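# Fold and contact review
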Amino acid sequence: MKNKRFGSVLTGVLIAGAILGVSVAFIANASPYVTVSEARKSGATNVHLKGKLEKDSVKNDFKDHAITFRIRDNNNEEATIVYTGPPQDMSEATDVVAIGTMQGDQFHSEKLLIKCPSKYEGGNKAKV
Amino acid sequence: MNAEDPNAPLNFPDAPSWSLIVGEAGRFFVFAAVILLLLSVVAWWRSGKSPKLEKLGKIGFLLGCLSLFGAFVSLASLFINEQFQFQYVAGHSEANLAMKYRIAAIWSGQQGSFLLWACTSAFFGLLAAPRTGIYRRWFTIPYAVFLASLGGILAYETPFNIIPDAIRNGHVMLPPTGFGLVPALQNYWVVIHPPTIFMGFGSLTVLFCWAMSAMVTGNSVDWVRMVRPWALTSLAVLGLGLCMGGFWAYETLGWGGFWAWDPVENVSFVPWVFTAAFVHGLIIQAARGRYIGGNLLLGGLPFLFFVYGTFLTRSGFLGDSSVHSFAEMNRMALWILLLYFGIGTVAFLVLWFKKGRRIATETEKPDTETGPNREALYRTGILLLTGIALFTAIGMSVPVFTLFINGRNSRPEEWLYHQVLSWVFIPVMLLVGLVPFASWRNMTWKALLLRVLNVVTVSVGLTGFALLAFKNPSWGIDPNLAKTSTILGKVEVPTLFWVAFLIFLTLFAAISNIWRMIETLRKSPMSIGGFVAHLGISIFMAGMILSRGFESHQSMYVQRSRPAQALGYTISLPKNPDPEKLTDRDNKLDFNLTSPNHSFVAHPGFYYTQSEDSVKAMTWPHIERLPTHDVYLALGAPVMNVWEKPLFFLPGQTLTKSGITVTFHGFDMKGQPGQAGTKFVGKFTISDDNGTYEVTPSIALTQDGMQPDMPPAGNEFRAMMSRIDAGTKGAELTLLFREALYPIDLYYKPMTSLVWGGAGILTLGGLLAAFYRRVRRTAPETADEATPEGVASPPKQDALIPVS
């Protein structure tokens, strides 16, 4: 019986350890949402940079398959993003989350999350 | 909708009076459901003292559930009859939508999906409650509390609100159309995937309430036999729903993958894995009379984790970290959800710690076996499955953790899930291969390993054979040793070795189950369900690993006169899209793909949707399915404009954008000012890397307004003077490509057929297991279920091997 108690305590400790370890691993390696100045400072790879798209700044470079544009974050700071991932339609975008790394003055990204003003939520908005 | 001028008085016909009655009825049904269900709770609660109240409890529960269905039917009739005066209908549907999408639109939004959850949950509650026997009282009480909470959420988050603007002078007007159903949702999956997966979610409530009632009543033995078919149903339906979601993503989203560890995907994945663990736990208890405490806990976890996930995804805590976006939820409704989750979890866990574990140890049979017997391996497997579920749940919660720690969201990327979960996935697959050869009786490691030795040998041989087959150049795989992957979080190995190891794992698991299946087939052909299901899982995983591990991908632009090269194919556009059909939802654009080995015509879907202020290109990928691989072609929105926006020039001004320099020299007028036929001719000099061109685009004043022409500028471009300004003598220039650029992503994905085949085999195995069990249950319950049995004797016990 004593042996059994020890076994269940050990299992409990192991499980708790695994949960803790996995939580730390996840939190430490999750890619954070950063501001422009943080992205510049840290030089960290694989961060999420979010901001409002400056509509006029979008440039399609068809030869290099790159889209270059500027975004402005909540602190009103600007960053130039060079996007080289799969083709994206930027024509209706308002907010952009670029996932990538700051290299020099430019933020290089291969993955974008694009938010468009959705007309489909219109019905709900009327309520607020 | 009515948005041309929001201030203009609306003048629509009056809404039919029946629709207003139906709307009110829907609202009434929700309130009635809450009251009836709470009544049922009180009646059942007090039925301990006065048993007569039982009947009231049953009727209250029945009518409460029916009221929820009533609310759903009300909403459905508003959708089917296009009653756009209701906010929710207008927000998710539009005039002349095909009937199947009108129905799908019911659950395409927040309110409707909660209503669907309430209804599927009520459906399973009605089905299960009469079959719960002695557990009925304490089964119904938590069930009714839950349904009443959902009713409360629906009372605040109601789909029956009328648009305030549609009410004028006490009359409700009927707007002619709504905002529409998101075009990306409009395909057959939206019709079948949500109801299926919500059926799965609804069925979890049964498991939770049964576990709860087993603990309250103190009878932790009988419920196991009764709950088993329900647990299997949950597992099968939820699994089917998950697969459908993956196939939906693959077929329509255009990123060439099935699964992305998105929070919303995880919310359904975590309960499924917990249910799988629970099903295995039930087998131990049925066979050995052990693992009682574990089952009491595992019965509740799938449901609780689903409620937690629902709260997480709807609360807004996840920020922008999900591709699925949900509208902000009503605060009060969110509070009810949180309150229910908090109270439900605390009540369940306290009950388990205080009572569940005690009654479990009281009834638990002694452990008589040693070594790697089947019970020990099942226990290990359950622990590992719990690990997968728990770790995924942690990953899904990371954006919230980091929000509290750092004040902002962080998001675990796909690779991080793979690194963490591979620690658990590898031993799980080993067990899937090992367990079929283990017996419930005492067994030594040596005996077990000797039994699987043949399988290991065959698997190693087949892995080598598979790798050789992959070297075949026509398969396009490049077994490049220089490419490396990081595995298990730290070790760097050549990708090829890693994929080869994973192939070996899945082969081992698959062959082991085939082996035992063939052995069993001779003795008891109906009991192979478990083996078939596990074979399905192995094949499914092999498909996932291969299609991902050996994937290749290239992006390019294709123009009418300029074919592109990618992955050995030459891709050309034989003809431009038919302008007449560009707004047709079923429009296809054909591309020819030719290579020495294989040629085909891809026809990805391509059309434009028009809303009041913008035109948006919609595309569907084309998937060329071949036995050995898929060629996946994702078309992007075609690019016409060189610049995102036209540029405005003053006379003499020179501007450079996107590597193109333009000088505007001014414009001349030809004809009488203000008369039809008058023409303004602009003079521009345009230069790029290839040369310098003089262009003279013009705008003509016609009866239909200003009509610009589009003369060519070099081989690449056309120039259009889109606007002139009389005051400054300036002009606006739009630069277009002479031929539209079609962005294409081409993926080569080997062995995707295994994913489909595996899912099919898994389902088949599940059905077989469920069916066989049903046959057995009609026979009188005998003690043989609990009798340990060796593999050598006829393995009747194999009927207990789980569905998945």
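Right, let's walk through the structure included here. (Residues numbered from 1 in each chain as written. Chains lettered and ligands numbered in written order. Predicted model: local features only at pLDDT ≥ 70, side-chain atom pairs only at ≥ 80, totals over all residues. Heavy atoms only, no water.)

Further remarks concern helix H9 (residues 263–288) of chain B. Residue and element names in this part refer to chain B. Taking 1.5 Å of rise per residue, the 26 residues of H9 would be expected to cover 38 Å, and the 37 Å separating its terminal C-alpha atoms lies within 8% of that figure. Taking burial as the measure, the 26 residues of H9 include 26 buried ones, the bulk of the element. Looking one or two places after H9, you find Gly289, whose phi comes out positive at around 65°. (Helix = DSSP H or I, 4+ residues; strand = E, 2+ residues; numbered from the N terminus. Expected span 1.5 Å × (residues − 1). Buried < 20%, exposed > 50% of the residue type's maximum accessible area, 1.4 Å probe, protein only.)

What follows deals with the side chain of B:Glu732. Residues and elements named next belong to chain B. Relative to the helices and strands, Glu732 is located in strand E25 (residues 730–750). Residue Glu732 is classed as buried on the basis of its relative accessible area, which comes to 15%. With residues up to four places along the chain from it excluded, the contact list for Glu732 reads Pro646, Leu647, Phe648, Met720, Met721, Ser722 and Arg723. (Contact = heavy atoms within 4.5 Å.)

A separate point is the pairing of strand E5 (residues 78–83) of chain A. Bridging between strand E4 (residues 66–72) of chain A and E5(A) involves six bridges; their strand directions are antiparallel. Within E5(A), the position partnered with A:Arg72 by the bridge is A:Glu78. (Pairing = 2+ DSSP bridges.)

In this section: the state of the cysteines. Residues and elements named next belong to chain B. Under the defined criterion, the tally for this structure stands at zero disulfides over all chains. Among the cysteines around Cys119, which has no disulfide bond, Cys65 carries the closest sulfur, lying 9.2 Å off. We classify Cys119 as buried; its relative accessible area is 8%. (Disulfide = S-S within 2.5 Å.)

The topology assignment puts B:Met173 in the loop between strand E2 (171–172) and helix H7 (188–217). Along the sequence, B:Met173 and B:Phe84 sit 89 residues apart, while their C-alpha atoms lie 9.1 Å from each other.

Time to look at helix H11 (residues 331–363) of chain B. Residues and elements named next belong to chain B. In a regular helix each residue adds 1.5 Å, so 33 residues correspond to 48 Å; H11 covers 45 Å between its end C-alpha atoms and thus fits that length. Its axis deflected by about 45° at Trp352, H11 carries its strongest bend there. The backbone nitrogen of Met332 has a side-chain oxygen 2.8 Å away, supplied by the residue at the start of H11, namely Asn330. (Bend = angle between axes of the 7 residues up to and from the residue. Polar contact = N/O pair within 3.5 Å; in protein donor to acceptor, adjacent residues only side chain to side chain.)

This paragraph deals with the nonpolar core. Residues and elements named next belong to chain B. Ranked by size, the top nonpolar core spans 193 residues in total, and within it Trp117, Leu147, Trp210 and Trp223 carry the most contacts. Apart from the residues lying within four places of it in its own chain, the contact partners of Trp210 are Arg131, Thr132, Tyr135, Phe139, Trp223, Met226, Val227 and Trp230. By size, the runner-up hydrophobic cluster in this structure holds 26 residues, among which are Val642, Ile686, Met721 and Leu735. (Core = buried A, V, L, I, M, F, W, Y, C linked by side-chain atoms within 4.5 Å.)

What follows covers unusual backbone geometry. Most of the time, phi is negative for any residue but glycine, and the peptide bond is trans. Residue and element names in this part refer to chain B. Even without a glycine there, the phi angle at Glu82 is positive, about 55°. Looking at the secondary structure, you find Glu82 in the loop between helix H2 (53–80) and helix H3 (87–92). One non-glycine residue with positive phi stands out, namely Met751, at about 60°. In this fold, Met751 is placed in the loop between E25 and helix H17 (752–778). Overall, Met751 belongs to the buried group, its relative accessible area being 17%.

This model, assessed by the stated rule, comprises 19 salt bridges over all chains. For the salt bridge of A:Glu54 with A:Arg70, the shortest nitrogen-to-oxygen distance reads 3.6 Å. Taken together, the positions of A:Glu54 in the loop between strand E2 (47–53) and strand E3 (59–61) and A:Arg70 in strand E4 put the pair 16 residues apart, joining distant regions of the chain. Close ionic contact of B:Glu364 with B:Arg379 constitutes a salt bridge, the shortest N to O distance being 4.0 Å. (Salt bridge = Lys/Arg side-chain N within 4 Å of Asp/Glu carboxyl O.)

Residue and element names in this part refer to chain B. Across all of its chains, the model carries 45 aromatic pairs over all chains by this definition. Aromatic side chains Phe247 and Trp756 sit 3.8 Å apart centroid to centroid with 10° between the ring planes, which places their arrangement in the stacked category. Of this pair, Phe247 sits in helix H8 (residues 222–253) while Trp756 sits in helix H17, placing them 509 residues apart in sequence. For Phe247, a relative accessible area of 8% corresponds to the buried category. Of note, Arg357 hangs over the ring of Trp352, and the distance from its end group to the ring centre comes to 5.9 Å. (Phe/Tyr/Trp six-rings, centres within 6.5 Å; stacked < 30°, edge-to-face > 60°. Lys NZ or Arg CZ within 6 Å of the ring centre and 35° of its normal.)

Another point: the sheet that holds strand E9 (residues 591–594) of chain B. All names here are of chain B. An order of E7-E8-E9-E10 is seen for the four strands of this open sheet, with the pairing classed as antiparallel. Two strands bound the open sheet, and with one partner strand each, they are strand E7 (564–566) and strand E10 (600–602). Strand-to-strand twist in this sheet, taken as the mean axis angle between neighbours without regard to direction, amounts to 30°. One ladder, built from three bridges, connects E7 with strand E8 (residues 569–572); its direction is antiparallel. Paired with Ala564 across the bridge in E8 is Ile571. (Axes fitted to C-alpha atoms, helices over the stretch in contact; angles between N-to-C directions.)

A few words now on the packing of H7(B) against H11(B). All names here are of chain B. Packing of H7 against H11 leaves a shortest axis separation of 9 Å and a crossing angle of 45°. Here H7 is positioned oblique relative to H11, judged by the angle of their axes. As H7 packs across H11, the resulting crossing turns out to be left-handed. Residues Phe208, Ala211, Met212, Ala214, Met215, Val216 and Thr217 of H7 form the contact with H11, whose own contacting residues are Tyr340, Gly344, Ala347, Phe348, Leu351, Trp352, Lys355, Gly356 and Ile359. Taken together, the residues of the contact of H7 with H11 break down into 12 nonpolar, three polar and one charged. (Parallel < 35°, antiparallel > 145°, perpendicular 65-115°, else oblique. Left-handed = near helix turned anticlockwise from the far one by under 90°. Nonpolar A, V, L, I, M, F, W, Y, C, P; charged D, E, K, R; others polar.)

All names here are of chain B. Looking at the element boundaries, Ser698 is found in strand E21 (residues 698–702). Look at Ser698 and you get buried, because its relative accessible area is 4%. In this view, Ser698 contacts Lys679, Phe680, Val681, Gln707, Pro708, Asp709 and Met721; residues no more than four positions away in its chain are not counted.

Time to look at a nonpolar patch on the surface. All names here are of chain B. Where nonpolar side chains cluster on the molecular surface, the patch consists of Ile59, Leu62, Leu63 and Leu66 and spans about 310 Å² of accessible area. By the secondary structure assignment, Leu66 is in helix H2. Look at Leu66 and you get partly exposed, because its relative accessible area is 41%. (Patch = residues over 30% accessible without salt bridge, like charges linked within 9 Å, V, L, I, M, F, W, Y side chains within 5 Å. Areas by Shrake-Rupley, 256 points an atom, 1.4 Å probe, with all protein chains shown as cover.)

Moving on: the environment of B:Ala105. With respect to the helices and strands, the residue B:Ala105 is situated in helix H4 (residues 99–105). Apart from the residues within four sequence positions on either side, B:Ala105 is in contact with B:Phe79, B:Tyr88, B:His92, B:Ser93 and B:Leu181.

Any functional reading would require information that these geometric values do not contain.
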